[in-house]
Amino acid sequence: MTVSDPVTRDLLAVFEDVRYRLFARLEGLTDAEYLWEPVPDSLTISPGADGVFRVDTLIPEPTPGIPEPVTTIAWRVWHIGNLCLRGYLIHFFEDVPALGDRHEWPGTAKEGLQELAEDWERFTTRIAALGDKRLLEPMGLGGEFGKESYLKLALHALDEVAHHGGEIGLLRDLYLREDA
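Residues numbered from 1 in each chain as written. Predicted model: local features only at pLDDT ≥ 70, side-chain atom pairs only at ≥ 80, totals over all residues. Heavy atoms only, no water.

1. Observations concerning the overall build of the protein chain
Note the following rule: A run of H or I in DSSP becomes a helix once it reaches four residues, and a run of E becomes a strand once it reaches two; helices and strands are each numbered from the N terminus. Radius of gyration: C-alpha atoms only; globule rule: 2.2 Å multiplied by the number of residues to the exponent 0.38. Summary of the burial criterion: residues with accessible area below 20% of their type's maximum are buried, those above 50% are exposed, and those between are partly exposed, where the area comes from a 1.4 Å probe applied to protein chains only. Should any heavy atoms of two residues lie within 4.5 Å, those residues are counted as being in contact. As used throughout, the charge tally considers Lys and Arg to be positive and Asp and Glu to be negative, leaving His and the chain termini uncounted. A charged residue contributes its charge at one atom only: NZ of Lys, CZ of Arg, CG of Asp or CD of Glu.
Of regular secondary structure, the protein chain possesses five helices and two strands. N-terminal to C-terminal, the α/β element order of the protein chain is α-α-β-β-α-α-α. The C-alpha atoms of the protein chain give a radius of gyration of 17 Å, which matches the 16 Å a tight globule of 180 residues would have. In terms of overall dimensions, the protein chain has C-alpha extents of about 50 × 35 × 30 Å along its principal axes. For the protein chain, the residues scored as buried account for 42% of the 180 residues in total. Taking all contacts inside the protein chain whose residues are at least 6 apart in sequence as the whole, residues at least 24 apart take part in 71%. Between the averaged position of the 17 positive side-chain charges in the protein chain and that of its 32 negative side-chain charges there is a distance of 5 Å.

Take a look at the structure:
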């Protein structure tokens, strides 16, 4: 993607670096790894009676004195693609097409990574289209985020992708050593 505005160009370059590292780390991901539950009661995606995979819990509610739930790679991939990148498009951009039931997510690694790639492309394309001027202005939406800039939204998305991507890498490392 060629962008001439310097802030937008640099932001997208960092997104591309993070994308490259994440997708390189996910290369060869098997369905068994994708759905592996490292501990009992891990949050994941599961097939319903209709065979459609859906996320168990959108956002786990913290309970004092109880550790945060452990999630599967599938849940993390869904979280980055659907809840973060796709969700930010739906909530913070006008004229976004309907993107389906946000609880649904592919039950295979190959399809899940394809969805993630598509959500990534849609998000970065929208950020690129803003250009520096609009990127730095308030979003102008109602609610608590209306005064925030699209740059702040993009940086938050980058933070979500980077830290959940790191968690995915750790889950892969643990999976590969499970029987070692």
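2. With respect to the side chain of Arg172
Here is the rule: Between N or O atoms, a polar contact is any pair within 3.5 Å; within protein, one atom must be a potential hydrogen donor and the other a potential acceptor, and residues adjacent in sequence are included only when both atoms are from side chains.
With respect to the helices, strands and loops of the structure, Arg172 is situated in helix α5 (residues 150-176). Residue Arg172 is classed as buried on the basis of its relative accessible area of 7%. Among the polar contacts listed, one links the side chain of Arg172 to the backbone oxygen of Glu27, at a separation of 3.1 Å. Other than its neighbours up to four places away in sequence, Arg172 contacts Arg25, Leu26, Glu27, Gly28, Leu29, Glu33 and Ile73.

3. Notes on the packing of helix α3 (residues 73-92) against α5
Put simply, the rule is: Under this scheme, a helix contributes an axis fitted over its contacting stretch, all axes are lines through C-alpha atoms, and angles between N-to-C directions fall in the 0 to 180 degree range. The labels follow the angle: roughly parallel below 35 degrees, roughly antiparallel above 145, roughly perpendicular from 65 to 115, and oblique for the rest. The classification used treats Ala, Val, Leu, Ile, Met, Phe, Trp, Tyr, Cys and Pro as nonpolar, Asp, Glu, Lys and Arg as charged, and all other residues, Gly among them, as polar.
Taken N-terminus to C-terminus, the directions of α3 and α5 make an angle of 170°; their axes are 9 Å apart at the nearest point. Between α3 and α5, the angle is such that the two are roughly antiparallel. Of the residues in α5, those touching α3 at Ile73, Arg76, Val77, His79, Ile80, Cys84, Leu85, Tyr88 and Phe92 are Tyr150, Leu153, His156, Ala157, Glu160, Val161, His164, Gly165, Glu167, Ile168, Leu171 and Arg172. Split into classes, the residues belonging to the contact of α3 with α5 amount to 13 nonpolar, four polar and four charged.

4. Quick word on the nonpolar core
Using the following cut-off: Take the buried Ala, Val, Leu, Ile, Met, Phe, Trp, Tyr and Cys residues and link them wherever side-chain atoms come within 4.5 Å; each set so joined is a nonpolar core.
Grouped together as the largest cluster of nonpolar side chains are 46 residues, with contacts concentrated most on Tyr34 and Ile127. Those elements giving two or more residues to this core turn out to be α1 (6-26), α3, α4 (109-135) and α5. Excluding anything up to four places from it in sequence, Ile127 contacts Thr8, Leu11, Leu12, Phe93, Leu135 and Ala154.

5. As for unusual backbone geometry
Phi at Asp41 takes a positive value of approximately 65°, unusual for a residue other than glycine. Along the chain, Asp41 turns up in the loop between α2 (31-35) and β1 (45-47). On the basis of relative accessibility, which here comes to 71%, the residue Asp41 falls in the exposed class.

6. So, the environment of Leu155
Tracing the backbone through its elements, the reader meets Leu155 in helix α5. Leu155 sits in the partly exposed class, given a relative accessible area of 44%. Separated by 89 residues in sequence, Leu155 and Ile66 have C-alpha atoms that sit 30 Å apart.

7. A short note on the environment of Arg76
When you line up the elements, Arg76 lands in helix α3. Classification of Arg76 as buried rests on a relative accessible area of 12%. Put simply, Arg76 and Thr124 are 48 residues apart on the chain and 19 Å apart in space, counted from C-alpha to C-alpha. Excluding anything up to four places from it in sequence, Arg76 contacts Thr71, His164, Glu167 and Ile168. Among the polar contacts listed, one links the side chain of Arg76 to the side chain of Glu167, at a separation of 3.1 Å.

8. Considering the packing of α4 against α5
Selection rule: Here a crossing is called left-handed whenever its near helix is offset anticlockwise from the far helix by less than a right angle, and right-handed whenever the offset is clockwise.
Relative to each other, α4 and α5 sit at 145°, their axes nearing to 9 Å. For the crossing formed where α4 meets α5, the hand is left-handed. Between α4 and α5, the contacting residues are Trp120, Phe123, Ile127, Leu130, Arg134 and Leu135 on the first element and Tyr150, Leu151, Ala154, Ala157 and Val161 on the second. For the contact of α4 with α5, the class distribution of residues is 10 nonpolar, no polar and one charged.

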